[in-house]
Amino acid sequence: MYGVIMNAQKLYELVWMSRPLMQAVEACVEQGLVETDLTVRMRAVLEMLLAHGDLSVPDIAAKLEIKRQYVQLMVNETLASGFTQQRPNPRHKRSSLLTLTDRGRAMIEDITAKEMDVMKQIGAGLDDADVLTALRVVQTVTAKLKALTGEPL
């Protein structure tokens with residue numbers, strides 16, 4: 001019985017570490033954007049487009065798991081700054097596709113390369129198996145919490 005209580009307590013601690021982890025990540029990302037014209041939220045849009053190709057606002061919202069209206073604000077900033085452009089969406093007449101401009105692609109490729117260098121520094125000394133286990137645990141806990149609340153996976 002004690003092992004079950006201890007496991008639950010450690011899992012609880014792991015879940016609650018997500019907030020300081022994300023705050024530290026956001027601060028680090030912000031620091032990496034200081035000499036660019038990007039905000040953290042604009043960077044998120046560019047990252048989605050780099051990873052997945054042309055996407056609509058609803059597609060980006062689904063991938064980021066945030067409201068479409070908020071993503072529209074983020075997208076508007078990338079359009080106004082010239083990092084993205086719109087093109088017709090063959091699947092939907094009213095929801096255009098967002099695509100990276102050459103400037104946007106160069107910017108996000110440079111930023112993500114620098115972030116990977118930071119990850120290599122942070123990961124030095126960490127065991128690959130431990131990182132894979134941590135990733136699997138976080139993914140499993142996330143899926144189970146979403147199932148409890150009825151959120152889509």
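Definitions and limits used
Residues numbered from 1 in each chain as written. Predicted model: local features only at pLDDT ≥ 70, side-chain atom pairs only at ≥ 80, totals over all residues. Heavy atoms only, no water. Axes fitted to C-alpha atoms, helices over the stretch in contact; angles between N-to-C directions. Helix = DSSP H or I, 4+ residues; strand = E, 2+ residues; numbered from the N terminus. Parallel < 35°, antiparallel > 145°, perpendicular 65-115°, else oblique. Contact = heavy atoms within 4.5 Å. Salt bridge = Lys/Arg side-chain N within 4 Å of Asp/Glu carboxyl O. Buried < 20%, exposed > 50% of the residue type's maximum accessible area, 1.4 Å probe, protein only. Patch = residues over 30% accessible without salt bridge, like charges linked within 9 Å, V, L, I, M, F, W, Y side chains within 5 Å. Areas by Shrake-Rupley, 256 points an atom, 1.4 Å probe, with all protein chains shown as cover. Core = buried A, V, L, I, M, F, W, Y, C linked by side-chain atoms within 4.5 Å. Nonpolar A, V, L, I, M, F, W, Y, C, P; charged D, E, K, R; others polar. Arc of directions from axis to C-beta.

Caption draft 1: Local environment of the packing of helix α3 (residues 40-52) against helix α4 (residues 57-64). Across the interface, α3 lies against α4 with an axial gap of 11 Å and an inter-helix angle of 100°. If you check the angle between α3 and α4, you find them roughly perpendicular. Residues Ala-44, Val-45, Met-48, Leu-49 and His-52 of α3 lie in contact with α4, whose contacting residues are Ile-60, Lys-63 and Leu-64.

Caption draft 2: Spotlight on the pattern of salt bridges. The final tally for this structure, using the stated rule, is nine salt bridges. Between Glu-47 and Arg-43 there is a salt bridge, with its nearest N and O atoms 2.9 Å apart. Of this pair, Glu-47 and Arg-43 both sit in helix α3, four residues apart, which is roughly one turn of that helix. On the basis of relative accessible area, Glu-47 is assigned to the partly exposed category, the value being 30%. Taken together, the salt bridges that share partners define one network made up of Arg-43, Glu-47 and Glu-115.

Caption draft 3: The arrangement of a nonpolar patch on the surface in detail. On the surface, Leu-11, Leu-14 and Val-138 cluster together to form a nonpolar patch covering roughly 220 Å² of accessible area. Residue position: Leu-14 is located in helix α1 (residues 2-16).

Caption draft 4: Spatial organisation of the nonpolar core. Residues Leu-38, Val-45, Leu-49, Ile-60, Val-71 and Val-75 are the most contacted members of the largest nonpolar core, which totals 22 residues. Taken together, the elements giving at least two residues each to this core come down to α3, α4, α5 (68-80), β2 (97-100) and α6 (102-123). Considering every element that reaches this core, the biggest residue donor is α3, with six residues. Excluding its chain neighbours within four sequence positions, the residues that come into contact with Val-71 are Val-57, Ile-60, Ala-61 and Ile-66.

Caption draft 5: How the structure looks around the packing of α3 against α5. At a minimum axis distance of 9 Å, the contact between α3 and α5 shows a crossing angle of 90°. Relative to α5, α3 is oriented roughly perpendicular. Residues Arg-41, Met-42, Ala-44, Val-45 and Leu-46 of α3 pack against Tyr-70, Met-74, Val-75, Glu-77 and Thr-78 of α5. In terms of residue class, the contact of α3 with α5 is made up of seven nonpolar, one polar and two charged.

Caption draft 6: Focus on α4. Taken residue by residue, α4 has Val-57, Ile-60 and Ala-61 as its buried positions. Taken down its axis, α4 places every buried residue within 100° of arc, on the same side. If you follow the buried residues of α4, they end up packed against α3, α5 and β2. Following α4 by one or two positions, Glu-65 has its phi on the positive side, about 60°.

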